[in-house]
Amino acid sequence: MPGVVRLSIDSDLNQVEFIARAVRSLCDNLLGREDAEAVELAVVEAMNNIIKHGYRGRRGEAVDVNVTLTRSEVEVEVVDHATPIPERIVKGGEPLAFDFDATDVAGLPEGGMGLTLIRMSMDEVDYVSRPGENRLRMVKRIAAS
Amino acid sequence: MTLNDTAHGDVLVVRVEDSRIDAARAPEFKTAMIERIDRGHVRLVLDLSKVDFVDSSGLGAIVSCLKRIGPRGNLAVAGAKGAVAKLFALTRMDRVFPLHASVDDALKSVAG
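Residues numbered from 1 in each chain as written. Chains lettered and ligands numbered in written order. Predicted model: local features only at pLDDT ≥ 70, side-chain atom pairs only at ≥ 80, totals over all residues. Heavy atoms only, no water.

- Looking at an unreviewed UniProt entry, chain B carries the name Anti-sigma factor antagonist, with the source organism given as Methylopila turkensis.
- Within the UniProt record for chain B, the comment given under Sequence similarities (unreviewed entry) is "Belongs to the anti-sigma-factor antagonist family." (UniProt positions renumbered as here; feature names shortened; annotations may be inferred.)

- The name given to chain A in an unreviewed UniProt entry is Histidine kinase/HSP90-like ATPase domain-containing protein, with the source organism recorded as Methylopila turkensis.

The following block contains the structure:
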């Protein structure tokens with residue numbers, strides 16, 4: 001049953017939905033609905049970050065997604081050749097929960113939620129940046145039935 | 001992005017007809033909502049019953065609508081379910097936008 005599916009889109013926000021739907025259907029028979037939705041959210045947030053911040057909205061660049069399915073987990077690796085996520089954000093002890101004053105409407109966050117959502121949605125997340133290539137690896141374990 | 005408006009007294013119910021509010025659609029959604037707010041619709045119910053996916057960009061657009069309304073009115077969310085309700089819970093935005101099961105419940109909470 002283990003298998004690898006390789007997907008690739010252009011760095012265009014309009015194409016992120018195609019990857020989301022493809023990854024979602026790959027997960028549907030392996031993960032429960034909530035876990036499959038969590039993987040979809042993490043993948044979308046990762047791709048949005050790459051396109052918006054890494055490529056700064058520039059189209060015509062590749063974003064590759066490798067989905068590895070095993071009996072015990074779904075691994076999604078997102079590969080880009082954009083500006084990496086700044087190290088202070090990757091390592092910077094970003095909180096694993098959202099903490100803000102719900103009564104202060106003007107101060108509510110409107111962005112910067114992606115990486116925290118990815119960490120909350122997946123069981124393992126790691127990010128490796130080499131010159132010219134960044135790899136974000138995200139794992140969701142399959143709950144024993 | 002298709003939005004369907006229904007007026008209930010001074011409250012405007014806006015139903016999102018698309019199944020996703022994501023980063024590709026969030027700017028258009030935000031512009032359309034801000035346009036309604038700037039026309040004076042400051043008591044709004046956002047009906048998400050047809051939406052099955054929202055990402056943080058879509059959520060950010062909803063937050064910016066609430067900021068635009070400010071102290072003049074209110075924005076309630078109705079019909080959020082599944083992954084959409086989960087996103088509000090994960091980000092703790094459910095403390096800002098109490099999630100109402102139905103448009104009728106949401107109408108009661110924003111009525112002036």
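Once you've had a look at it, read on.
## With respect to the interface of chain B and chain A
Okay, step 1: Counting from both sides, the interface comprises 28 residues of chain B and, opposite them, 28 residues of chain A.
Okay, step 2: For the pair chain B and chain A, the summed buried area comes to about 2,300 Å², and 59% of that belongs to carbon and sulfur atoms.
Okay, step 3: A per-residue breakdown of the area chain B buries against chain A is headed by R20, K67 and L90 of chain B, which together make up 23% of the total.
Okay, step 4: The shortest N-O distance in the salt bridge between E110 of chain A and K67 of chain B comes to 2.9 Å.
Okay, step 5: Only β5 (53-54), α2 (56-69) and α3 (82-90) of chain B provide two or more residues apiece to the side of chain B that touches chain A. (Contact = heavy atoms within 4.5 Å. Buried area = accessible area lost by both parts, 1.4 Å probe. Salt bridge = Lys/Arg side-chain N within 4 Å of Asp/Glu carboxyl O. Helix = DSSP H or I, 4+ residues; strand = E, 2+ residues; numbered from the N terminus.)

## What about the pattern of salt bridges?
Okay, step 1: This model, assessed by the stated rule, comprises 28 salt bridges over all chains.
Okay, step 2: Residues R21 of chain A and E17 of chain A are paired through a salt bridge, measuring 2.8 Å at the closest nitrogen-oxygen approach. Remark: E17 of chain A and R21 of chain A occur in helix α1 (residues 13-28); sequence separation between them is 4 residues, near one turn of the helix.
Okay, step 3: Among the residues examined, E17 of chain A registers a relative accessible area of 14% and is labelled buried.
Okay, step 4: A salt bridge links R130 of chain A to E133 of chain A; the shortest N-O distance between them is 3.8 Å.
Okay, step 5: Within the structure, one salt-bridge network assembled from shared partners comprises E17, R21, R24, D28 and E40 of chain A together with D18, R20, D22 and R25 of chain B. (Buried < 20%, exposed > 50% of the residue type's maximum accessible area, 1.4 Å probe, protein only.)

## Here we look at the layout of surface pockets
Okay, step 1: Taken as a whole, the largest pocket holds about 540 Å³ of empty space.
Okay, step 2: If you go around the largest pocket, you meet 28 residues; those closest to its centre are N49, I50, H53, I85 and I89 of chain A.
Okay, step 3: Only α2 (33-54) and α4 (114-121) of chain A together with α2 of chain B provide two or more residues apiece to the lining of the largest pocket.
Okay, step 4: Here the lining of the largest pocket gets 8 residues from one element, more than from any other, and that element is α2 of chain A. (1 Å grid on protein atoms, 1.4 Å probe; cavity = no way out; pocket = protein on both sides within 12 Å on 5 of 7 lines; lining within 4 Å. Points joined across faces, edges and corners; volume = space filled by probe spheres on them.)

## Observations regarding the sheet that holds strand β1 (residues 3-8) of chain B
What holds strands together in a sheet is hydrogen bonding between their backbones, with the strands either parallel or antiparallel.
Residue and element names in this part refer to chain B.
Okay, step 1: With respect to topology, 5 strands assemble into an open sheet ordered β1-β2-β4-β6-β7, the strand pairing being mixed. Both outer strands of the open sheet, β1 and β7 (99-100), are each paired with one neighbouring strand and no more.
Okay, step 2: Here β1 runs beside strand β2 (residues 11-16); their pairing, made up of 6 bridges, is antiparallel. When the sheet's bridge partners are listed, L3 is paired in β2 with V16.
Okay, step 3: Most of the contacts of α2 go to strand β6 (residues 74-78), to which it runs at about 150 degrees, and overall it touches β4 (43-47) and β6. (Pairing = 2+ DSSP bridges. Axes fitted to C-alpha atoms, helices over the stretch in contact; angles between N-to-C directions.)

## As for the packing of α1 of chain A against α2 of chain A
Residues and elements named next belong to chain A.
Okay, step 1: Two elements in contact, α1 and α2, have axes whose closest approach is 9 Å; the angle formed by their N-to-C orientations is 155 degrees. Viewed along their axes, α1 and α2 adopt a mutual orientation that is roughly antiparallel. By crossing handedness, the relation of α1 to α2 is classed as right-handed. Residue-level inspection shows L13, V16, I19, A20, V23, R24, C27 and D28 of α1 in contact with α2, the latter providing R33, A36, E37, V39, E40, V43, V44, M47, N48, I51 and K52.
Okay, step 2: Grouping the amino acids of the contact of α1 with α2 by side-chain chemistry returns 12 nonpolar, 1 polar and 6 charged. (Parallel < 35°, antiparallel > 145°, perpendicular 65-115°, else oblique. Left-handed = near helix turned anticlockwise from the far one by under 90°. Nonpolar A, V, L, I, M, F, W, Y, C, P; charged D, E, K, R; others polar.)

## Points about the side chain of D80 of chain A
Residue and element names in this part refer to chain A.
Okay, step 1: The residue D80 is located in strand β3 (residues 73-80) in this model.
Okay, step 2: Among the polar contacts made by the side chain of D80, one reaches the main-chain amide nitrogen of A82 at a distance of 2.8 Å.
Okay, step 3: Of note is the side chain of D80, whose polar atom sits 2.6 Å from the side chain of N134.
Okay, step 4: Each residue touching D80, except ones within four places of it in the same chain, is listed here: I50, Y55, A62, G132, E133 and N134. (Polar contact = N/O pair within 3.5 Å; in protein donor to acceptor, adjacent residues only side chain to side chain.)

## Examining the sheet that holds strand β5 (residues 133-141) of chain A
All names here are of chain A.
Okay, step 1: Sheet architecture is open: 5 strands sit in the order β1-β2-β3-β5-β4, paired in antiparallel fashion. Only two strands of the sheet have a single neighbouring strand rather than two, namely β1 (3-10) and β4 (124-130). Averaged over all adjacent pairs, the angle separating strand axes in this sheet is 15 degrees, with direction ignored.
Okay, step 2: Across 8 bridges, the pairing between β1 and strand β2 (residues 62-69) is antiparallel. What sits directly across from D10, in β2, is A62.
Okay, step 3: Most of the contacts of α1 go to β1, to which it runs at about 165 degrees, and overall it touches β1, β2 and β3.

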